[in-house]
Amino acid sequence: MRRRDLLLATGALGALPLGAAAQTFPARPITLYCPFPAAGPTDLMFRSLADATGRVLGQPVVVENRPGAAGTMTAPTMRTARPDGYTLTQCPMGMFRVPHMQRVQTFDPLKDFTYIINLTGYTFGMVVRADSPFKSVKDIVAFAKANPGKLTYGSTGIGAGPHLAMDEFASRAGIDIVHVPFKGSADMLPALLGGHVMVGTDTTGWAPHVESGKMRLLVTYGSQRTKRWPQVPTLREVGFDMASDSPFGIVGPAGMDPAVVKVLHDAFRTGLADPKVVEMIDRYDQPTIYMNPADYAEWAKKTYADEARTIARLGMKNSL
């Protein structure tokens, strides 16, 4: 039995009046886990948000990187952490997807998390080196059909949004391509630039490389074209009836005091509006997708069920 469950069973937590913990919260620094590598777009956005939110709370919000497992490396930590508001994590789409792929489930997003706030989302895209012979998605498909199993692509991890979007694209295109997973953008993009993979599927960590002319953006995966690259078509526009929007937010361990949740929600929402955070979000073309705790929790239930159907359709159930 976990310590929190034991305390609940014995009434130790129940003896506290609702909201009592929030009267002095926070009294020390808060740890915010980022399940992606340092220097990637998620890390940079979270460090900016943590700085702004820390000023609101009057205590530092310390970002700690634990990359891997398609952004779910921090999920099991929520099962054992105290639900006191001092241990939080980003919750990317992989949190709702990977459990359906695991033979032995290491976490349950509906039972192990307290939903605090949804913040924004990712823009996904397919990129190649500037000197690549691939000038369009049509070129990718033509090469892959002529050379089955020869085209390699890098992603930010098995089960991550960019991977599944590319997998579905390949399925719809009827092509056989080779997936090379990395821990995050900070690992995958240098591999693409170094010629170790031929194509990259990722969030907008590639943006500086596209703008500097080192990479070419072939297509984005969202339901509509981006404001930043309006000339780049979506997958739907080039003949593939699919779209991948990827909201993410912040969660804590299950059983958090609602009053503490409110303190954190209000602080992060204020931080999200900070000019430096807005600048960082715009830099990586991350649309604001705000949800309060109740709406976020309800969305999580629906998304978890939707992802189960997606994983089954792609034949990836129990693949990890």
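Here the structure is shown first, and the text comes after it.
What comes next is a walk through the structure. (Residues numbered from 1 in each chain as written. Predicted model: local features only at pLDDT ≥ 70, side-chain atom pairs only at ≥ 80, totals over all residues. Heavy atoms only, no water.)

Here we look at the sheet that holds strand 2 (residues 61–65)
The strand order across the open sheet built from six strands is 2-1-3-10-4-11, with neighbouring strands paired in mixed fashion. Of all strands in the sheet, those bounded by a partner on one side alone are strand 2 and strand 11 (288–291). Neighbour-to-neighbour, the strand axes of the sheet open up by a mean angle of 25 degrees, direction not taken into account. Of the strand pairs in this sheet, strand 1 (residues 30–34) and strand 3 (residues 87–91) are connected by three bridges, and their pairing is parallel. Bridging across to strand 3, Thr31 finds its partner in Thr87. (Pairing = 2+ DSSP bridges. Helix = DSSP H or I, 4+ residues; strand = E, 2+ residues; numbered from the N terminus. Axes fitted to C-alpha atoms, helices over the stretch in contact; angles between N-to-C directions.)

Things to note about the pairing of strand 1
With four of its five residues buried, strand 1 lies for the most part within the structure. Bridge count between strand 1 and strand 2: five bridges; the pairing is parallel. Considered in strand 2, the bridge of Leu32 is made with Val63. In terms of handedness, the path from strand 1 via helix 2 (residues 41–57) over to strand 2 forms a crossover that is right-handed. (Buried < 20%, exposed > 50% of the residue type's maximum accessible area, 1.4 Å probe, protein only. Right-handed = clockwise from strand over helix to strand, strands pointing away.)

Some words on the pattern of salt bridges
Counting across every chain of the model gives 18 salt bridges. Its salt-bridge partner being Arg28, residue Asp84 comes within 3.3 Å of it at the nearest N-O pair. Residue Asp84 is found in the loop between helix 3 (75–80) and strand 3, and its partner Arg28 is found in the loop between helix 1 (3–10) and strand 1; the two are separated by 56 residues along the sequence. By relative accessible area, Asp84 is classed as buried at 19%. Among the residues examined, Arg28 registers a relative accessible area of 41% and is labelled partly exposed. As a salt-bridge pair, Lys302 and Asp306 come within 2.8 Å of each other at their nearest N and O atoms. Of this pair, Lys302 and Asp306 are both found in helix 11 (residues 293–313), four residues apart, which corresponds to roughly one turn of the helix. (Salt bridge = Lys/Arg side-chain N within 4 Å of Asp/Glu carboxyl O.)

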